[in-house]
Amino acid sequence: MTTSMTLAAARRHIADAISKSEQLGIKVCIAIVDSGAHLVAFERMDGAFLGSVDIAIKKARTSALFPLESGQLGALIRSEQLTGFESSNENLMGFNGGVPIFAGDDQIGAIGISGGSAEEDLAIARAALG
């Protein structure tokens, strides 16, 4: 039986992401999407960059559509010179901060974080998944 991303699970991931971002002292935007890359939940911390709203959502969508961290996909795009790949699927984000979410072997969604450095965004996304 395949599990799907629930609102309750998305809210838990967001709470964990906020906790980690507060430890790091940064303000971020957090997007949770389901396995079809549809937005389930979103949070913009007070003071987070407005431009990070769109970036967080696109990072989450990227990791939902391709079962890789968004930064790993970006590295693959650059190493293989896949010109234009990031323009597919209504624009992908090929840098750190998007991480797929699995329940067992099934991908049920992804999280996208934007507002810190690439390393901070990735650390927050990973922390949000436990």
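What comes next concerns the included structure. (Residues numbered from 1 in each chain as written. Predicted model: local features only at pLDDT ≥ 70, side-chain atom pairs only at ≥ 80, totals over all residues. Heavy atoms only, no water.)

### Structural notes on the pattern of salt bridges
- Taken as a whole and judged by the stated rule, the model has 3 salt bridges.
- Residue Asp-121 is joined to Lys-59 by a salt bridge in which the shortest nitrogen-to-oxygen separation is 2.9 Å. A residue pair is termed long-range when its members are at least 10 positions apart, and Asp-121 in helix 4 (residues 118–128) and Lys-59 in helix 2 (residues 52–65) qualify at 62 residues. Here the two residues Asp-121 and Lys-59 agree in accessibility, since each one is buried.
- Put simply, Arg-126 and Glu-69 hold a salt bridge, and the shortest N to O gap is 2.9 Å. Within this pair, whereas Arg-126 is found in helix 4, its partner Glu-69 is found in the loop between helix 2 and helix 3 (70–79), the two being separated by 57 residues in sequence. (Salt bridge = Lys/Arg side-chain N within 4 Å of Asp/Glu carboxyl O. Helix = DSSP H or I, 4+ residues; strand = E, 2+ residues; numbered from the N terminus. Buried < 20%, exposed > 50% of the residue type's maximum accessible area, 1.4 Å probe, protein only.)

### Brief notes about the environment of Asp-54
- Within the element layout of this structure, Asp-54 appears in helix 2.
- We classify Asp-54 as partly exposed; its relative accessible area is 39%.
- Each C-alpha atom, one on Asp-54 and one on Ala-31, is 9.3 Å from the other, the two residues being 23 residues apart in sequence.

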